[in-house]
Amino acid sequence: MTDNISAGSPASDTSLPDDGYVGDPAVRVEWDNRYADRQQLWSGRPNGALVAEVAGLTPGRVLDVGCGEGADAVWLARDGWDVTALEVSGVALERAAGHARDAGVAVRWVHAALTEAAFPPASFDLVSAQYPALLRTPDAAAERALLAAVAPGGVLLLVHHAGMDTQQAHDSGFDPADYVWPSMVAALLTDDWKVEVNEQRPRVAPDGGAGAHHTDDLVLRARRLR
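Here the structure is a predicted model, which is why all the values come from computation and not from measurement.

### Here's the deal with the overall build of the protein
Each helix and strand counted, the protein has 6 helices and 7 strands in total. The order of α-helices and β-strands along the protein, N terminus first, is α-α-β-α-β-α-β-β-α-β-α-β-β. For the protein, the residues scored as buried account for 50% of the 226 residues in total. By element, 48% of the accessible surface of the protein is carried by carbon and sulfur atoms, the whole surface being about 10,500 Å².

Here's what the structure looks like:
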């Protein structure tokens, strides 16, 4: 890890910061521990909903929110996108950077929480959040950060597991009420946005990896008009 990449000014390569994390340290530790428990947490292949929804878009600047081990970021870079990938786990970012190096693609890695990343407003042609674990706050900070990052003419693509938002709190400590779901983002859309997709559909899931048991997706795709 050589380059000091801070939120808002990432470097255009596949290296990582010494420790430029911006966000809640407890959240970072939680996710670092989850990734450290397994050599590979996810399938290593891009999410099916992302592949389907991006197929007709012209490559531009994309923000991959919660990039994990980097499968979506690498796929987008290979498809010609200028990729900025955001993640709270340094363990995951190390793996993601390695996959990008192996693939021979450049990705800007940002080690930060979405609400702390301080991206310039309206700076991405596509904001992709695939099954994000975004914590809910009274001021809807995460939802507003997703919307604010999209440039006029650009697209927000938010995909989540169907049915999870209506579950009761688990004994494990997971409470769906603590997290942001597509309906919460959709509720903030104004006349400046056009909803292109807002539906539940069968999930096209990569084989293997955590979350493979989920069968249906909630897909919200909205275009910013101005």
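### Focus on the sheet that holds strand β6 (residues 193-202)
Pairing is mixed in the open sheet, where 7 strands are placed in the order β3-β2-β1-β4-β5-β7-β6. Every interior strand has two partners, whereas the edge strands, β3 (108-111) and β6, have only one. For this sheet, the mean inter-axis angle between neighbouring strands, taken without regard to orientation, is 15 degrees. Packed onto the sheet, helix α4 (residues 90-103) meets β2 (82-87) and β3 and runs at close to 175 degrees relative to β3. Docked against the sheet, helix α5 (residues 141-148) engages β1 (61-65), β4 (124-130), β5 (150-161), β6 and β7 (216-224), running at close to 135 degrees with respect to β5.

### Things to note about the packing of aromatic side chains
Applying the stated criterion to the full structure yields 2 aromatic pairs. Measuring from ring centre to ring centre gives 6.3 Å for Trp31 and Tyr35, while their planes differ by 40 degrees; the resulting arrangement is tilted. Of the two residues, Trp31 and Tyr35 both sit in helix α1 (residues 25-36), 4 residues apart, roughly one turn of that helix. Centroid distance Phe119 to Phe124: 5.5 Å. Interplanar angle 90 degrees. Geometry classified as edge-to-face. By the burial criterion, Phe119 is buried, and Phe124 matches it.

### Side note on the environment of Arg34
Note that Arg34 resides in helix α1. The spatial distance from the C-alpha of Arg34 to the C-alpha of Val91 is 9.2 Å, given a sequence separation of 57 residues.

### With respect to the environment of Leu188
Tracing the sequence through the fold places Leu188 in the loop between α6 (182-186) and β6. Look at Leu188 and you get partly exposed, because its relative accessible area is 26%. Note: C-alpha distance between Leu188 and Arg144 (44 residues apart in sequence) is 8.0 Å. Sequence-distant contacts of Leu188, defined by excluding residues within four places in its chain, comprise Ala140, Glu143, Arg144 and Leu147.

### Thoughts on the pairing of β7
Two faces make up the sheet, and in a regular strand the side chains alternate between them. Of all 9 residues in β7, 7 are buried; the element is thus mostly enclosed. Judged from the 7 bridges that link them, β5 and β7 form a sheet pairing that is antiparallel. Bridge pairing in β7 places Leu156 opposite Ala222.

### As for unusual backbone geometry
The phi angle at Tyr131 is positive, at roughly 55 degrees, despite the residue not being glycine. Mapping Tyr131 onto the fold places it in the loop between β4 and α5. Even without a glycine there, the phi angle at Ala140 is positive, about 55 degrees. By secondary structure assignment, the location of Ala140 is in the loop between β4 and α5.

### Focus: the side chain of Glu69
Assignment of secondary structure puts Glu69 in the loop between β1 and α3 (71-78). For Glu69, a relative accessible area of 6% puts it in the buried group. At 2.8 Å, the side chain of Glu69 and the backbone nitrogen of Leu41 are in polar contact. A distance of 2.8 Å separates a polar atom in the side chain of Glu69 from a polar atom in the side chain of Arg95. The residues touching Glu69, leaving out its near neighbours within four places in the chain, are Tyr35, Gln39, Gln40, Leu41, Trp42, Ala92, Arg95, Ala96 and His99.

### Some details on the side chain of Arg201
Tracing the backbone through its elements, the reader meets Arg201 in strand β6. The buried category is assigned to Arg201, whose relative accessible area is 17%. Within the local environment of Arg201, its side chain forms a polar contact with the side chain of Glu199, the two groups lying 3.0 Å apart. Ignoring any residue separated from it by four or fewer positions in sequence, one finds Arg201 in contact with Glu53, Thr215, Asp216, Asp217 and Val219.

So, how was this worked out
- Residues numbered from 1 in each chain as written.
- Predicted model: local features only at pLDDT ≥ 70, side-chain atom pairs only at ≥ 80, totals over all residues.
- Heavy atoms only, no water.
- Helix = DSSP H or I, 4+ residues; strand = E, 2+ residues; numbered from the N terminus.
- Buried < 20%, exposed > 50% of the residue type's maximum accessible area, 1.4 Å probe, protein only.
- Areas by Shrake-Rupley, 256 points an atom, 1.4 Å probe, with all protein chains shown as cover.
- Pairing = 2+ DSSP bridges.
- Axes fitted to C-alpha atoms, helices over the stretch in contact; angles between N-to-C directions.
- Contact = heavy atoms within 4.5 Å.
- Phe/Tyr/Trp six-rings, centres within 6.5 Å; stacked < 30°, edge-to-face > 60°.
- Polar contact = N/O pair within 3.5 Å; in protein donor to acceptor, adjacent residues only side chain to side chain.

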